[in-house]
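Reading the structure
Read off the chains here:
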Amino acid sequence: MGDFRRLIDDVVPAIEALIPDEPAALLGRHTERRRQDRFAVGSVVQQALHAFPSLPAERLLGALELGVARLDLTAPADLVARLRPLPDGSSFGLMSMSGQSALATPMSMVNAVHQGATDLIVEQVRAMLPDLSEVTGDEAAIATKRGAAHLAVAVAVSRAILNALGTPTAADPVAAIGIAIGAAAEILPDVPMPPAYDRALLEKRRREYQGLSWSTSAPVFDHEFVLVEELGKAKADFTATGLAGAIETGFAVRTGIEQGQVPVSVRVLLDEPGPPDLESWDEVAEISYVAVEGDARFGHGATAPWPGEFRVRVCASGRDEDDERYELTIWPQPVSDPLLHKKTDRVGHLLRGEPAPPPISRPERPYRWLREVLGEAATVTIITNAGVDDVVGEFEEDSIALEIDGGVLVVEGNNWQGSRGEVLERLSRNGKAASHYWNVNRLTRLSFARAGQVVDAQEVMGHTSFADSEIREALEGLSFADYRHLDAKGITAVVRFTGAVIPEDEVRAAIQEKISNWEG
């Protein structure tokens, strides 16, 4: 064995010099074990080669074929003595397919004529693994060295053993190369990466990482959801912020609901973000936490892939109202004290040991159901001092028109006649008309008309600046800078301006009947 090892060591540097970097690095990063298939076809090296990408394998063949053909290298006779050739008169069949790799048939021939040869090659390669303990460099350099060094050993061993068999089938350099690639692909998943690789990979991921943002639904248990690298038994202390607390490898967020799912949007940044948007949230807090390894999975995204000290800004709304949503913003920053940017909900006050404020009263709450029933695109119009027969001619046939206390309600699904200025002028000639329109692109239009004239009509996404005093009164307490339930707020303004009352049960039934007719 010692002589054979020296024989292999002498030729490995020349073979390694022939191996191109790109496929060598791909092979060096190869850590996925071959799938154990009950009905696998071919030898172990054939299966391993089949699992390795074909184009890099073909490129390796092109780079090595001439050099391996000139490689005069023969294993000791006693090493191959146990391998028996097929008896004279034996026959076998091979199946090939159009477009298959040039490596396939020569390997199959060796597998058929010299049974056990490929297993012996794998065994000998395992016994001669190169020592890469001192290899350094960046991730690509280490992966390239790992792939090239192991493949060079595999090529030398494969060529030497096949040459010792002394048949034209075994002498084919293509067979030696294919078996060597398969042997390396089979062995490398069991070989630890060089000691310097993990650090180099971390540095690569840090260089390439550009931040990430995503939205998900977080599972809630016992009034909290967690973002951690590994679940543990430690419980967070929420008394400092009333919202978030650090735990091992991550942090926990305190919810209003005891269990279920809550929507969460996440941003992972490389630098400290600007000031938070306080208008859209009830509570905003920042805490620090320490990542042990990083790359903590959360839904279909993950945190930065490195360890260290991080800061998270947690924004929450709806914890008092069973209408919760959250936003997490995470960035690297040295550990510092917790910080509260905004504190208005009862849950937070109680957790901090503070007197709780009175329950929040949101004027748009009674009309959230209508937005939910109508979906992503609709117009809601109310007309005073008119009957259904007086207004239906202004709308499409599939609109819903109902007499309600204070006027006529017209609901348009995915239509917008009620938002048109000329329509509102005609509808308001004997009183008032107001409408709120929204669509799937989040375009909106809140319109008010009186005595045959449109008083004002605006997009309400983010702001309103209505000058009319009656309109301003209708908008009292409705914040359009807070994007929550914008359309329910618009409907609320329409109801207030016209003085009408929307009967929920009657309107729900009418909408459901109309939807049933559409589906039928």
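Note that the coordinates shown come from a computational prediction; the quantities given were computed from them, not determined experimentally. (Residues numbered from 1 in each chain as written. Predicted model: local features only at pLDDT ≥ 70, side-chain atom pairs only at ≥ 80, totals over all residues. Heavy atoms only, no water.)

**Considering the overall build of the protein**
Summing up its helical and strand segments, the protein has 18 helices and 17 strands in all. With respect to the three principal axes, the spread of C-alpha positions in the protein is 110 × 55 × 35 Å. Residues counted as buried form 49% of the 520 residues belonging to the protein. Approximately 25200 Å² of the protein is accessible, and the part contributed by carbon and sulfur atoms is 50%. Taken as two groups, the 50 positive and 78 negative side-chain charges of the protein have centres that lie 3 Å from each other. (Helix = DSSP H or I, 4+ residues; strand = E, 2+ residues; numbered from the N terminus. Buried < 20%, exposed > 50% of the residue type's maximum accessible area, 1.4 Å probe, protein only. Areas by Shrake-Rupley, 256 points an atom, 1.4 Å probe, with all protein chains shown as cover. Lys, Arg positive; Asp, Glu negative; His and termini not counted. Charge placed at Lys NZ, Arg CZ, Asp CG, Glu CD.)

**Focus on unusual backbone geometry**
The backbone of Asp-222 sits at a positive phi, close to 55 degrees, despite the residue not being glycine. Residue position: Asp-222 is located in the loop between strand 1 (212-220) and strand 2 (224-228).

**Regarding the packing of aromatic side chains**
Overall, the coordinates contain eight aromatic pairs when judged by the stated rule. Pairing Phe-251 with Tyr-289 gives two aromatic rings, centres 5.2 Å apart and planes at 55 degrees, and the pair type is tilted. In this pair, Phe-251 is assigned in strand 4 (residues 250-254) and Tyr-289 in strand 6 (residues 283-291), connecting sequence segments 38 residues apart. Assessed through its relative accessible area of 0%, Phe-251 is described here as buried. Among the residues examined, Tyr-289 registers a relative accessible area of 4% and is labelled buried. Among the aromatic side chains, those forming a connected cluster through ring pairs are Tyr-209, Phe-251, Tyr-289, Trp-306 and Phe-310. Between Arg-325 and the ring centre of Trp-281, over which it is positioned, the NZ or CZ distance is 4.2 Å. (Phe/Tyr/Trp six-rings, centres within 6.5 Å; stacked < 30°, edge-to-face > 60°. Lys NZ or Arg CZ within 6 Å of the ring centre and 35° of its normal.)

**Focus on helix 3 (residues 44-51)**
Every buried residue belonging to helix 3 is among Val-45, Gln-46, Gln-47, Ala-48 and Leu-49, and all of these are buried. Elements that come into contact with the buried residues of helix 3 comprise helix 4 (54-69), helix 6 (104-113), helix 7 (117-127) and helix 10 (173-187). (Contact = heavy atoms within 4.5 Å.)

**With respect to the confidence of the model for the protein**
Taken over all residues, the pLDDT of the protein has a mean of 92, while the share at 70 or more is 95%. Mean pLDDT values for the elements of the protein range from 83 in helix 18 (residues 504-519) up to 98 in strand 4. (pLDDT = per-residue confidence, 0-100.)

**Looking at the pairing of strand 6**
Burial within strand 6 is extensive, with eight of its nine residues counted as buried. Sheet analysis places strand 6 next to strand 9 (residues 308-317), joined by nine bridges and oriented antiparallel. Within strand 9, the residue paired with Ala-285 across the bridge is Val-314. Two elements, strand 6 and strand 11 (residues 339-343), share four bridges in a ladder whose sense is antiparallel. Within the sheet, the bridge partner assigned to Val-284 lies in strand 11 and is Lys-342. (Pairing = 2+ DSSP bridges.)

**Re the environment of Glu-58**
With respect to the helices, strands and loops of the structure, Glu-58 is situated in helix 4. Considering only alpha carbons, one finds Glu-58 and Gly-256, 198 residues apart in sequence, at a separation of 59 Å. In this structure Glu-58 touches Ser-101 and Ala-102, once residues within four positions along its chain are discounted.

**Observations regarding the sheet that holds strand 14 (residues 407-413)**
Each strand in a sheet pairs with another by means of backbone hydrogen bonds, the pair being arranged parallel or else antiparallel. Taken together, six strands build an open sheet; the order of strands is 13-14-12-15-16-17 and the sheet is antiparallel. Looking at which strands have only one partner, the edges of the open sheet turn out to be strand 13 (400-404) and strand 17 (453-458). This sheet shows a mean twist of 15 degrees between the axes of neighbouring strands, independent of strand direction. Where strand 16 (residues 444-450) meets strand 17, five bridges bridge the pair, whose relative direction is antiparallel. Of the residues in strand 17, the one forming a bridge with Ser-447 is Ala-457. Sitting on the sheet, helix 17 (residues 486-498) is in contact with strand 12 (378-383), strand 15 (432-438) and strand 16, with an inclination near 175 degrees to strand 15. (Axes fitted to C-alpha atoms, helices over the stretch in contact; angles between N-to-C directions.)

**As for the sheet that holds strand 11**
If you trace the six strands from one edge of the open sheet to the other, you get 1-5-10-9-6-11, paired in mixed fashion. Each edge of the open sheet carries a strand with a single partner, namely strand 1 and strand 11. Here the strands of the sheet are splayed against their neighbours by 25 degrees on average, with no regard to which way each runs.

**Quick word on the nonpolar core**
By size, the foremost hydrophobic cluster in this structure holds 58 residues, and its most contacted members are Ile-8, Leu-103, Leu-151, Ile-161, Leu-162 and Ile-181. No other element matches the 12 residues that helix 8 (residues 139-165) contributes to this core. In contact with Leu-162, not counting residues within four places along its chain, are Val-110, Ile-121, Ala-170, Ala-175, Ala-176 and Ile-179. Core analysis: the second largest hydrophobic core is formed by 34 residues, Ala-378, Val-380, Ala-474 and Val-494 among them. (Core = buried A, V, L, I, M, F, W, Y, C linked by side-chain atoms within 4.5 Å.)

**A closer look at the packing of helix 8 against helix 11 (residues 197-208)**
Where helix 8 contacts helix 11, the two axes come as close as 8 Å, and the packing angle between them is 135 degrees. Relative to helix 11, the element helix 8 is oriented oblique. Contact residues: helix 8 offers Glu-139, Ile-142 and Ala-143, while helix 11 offers Tyr-197, Ala-200, Leu-201 and Lys-204. (Parallel < 35°, antiparallel > 145°, perpendicular 65-115°, else oblique.)

**Comments concerning the packing of helix 4 against helix 8**
For any two helices packed against each other, the geometry comes down to the angle between their axes and how far apart the axes lie. Contact geometry for helix 4 and helix 8: axes closest at 12 Å, N-to-C directions at 45 degrees. Looking at the two axes, helix 4 sits oblique to helix 8. Our pair here, helix 4 against helix 8, has a crossing hand that is right-handed. Taking contact as the criterion, the partners of Leu-60, Leu-64, Val-68 and Ala-69 in helix 4 are, on helix 8, Leu-151, Val-155 and Arg-159. Across the contact of helix 4 with helix 8, the residue classes break down as six nonpolar, no polar and one charged. (Left-handed = near helix turned anticlockwise from the far one by under 90°. Nonpolar A, V, L, I, M, F, W, Y, C, P; charged D, E, K, R; others polar.)

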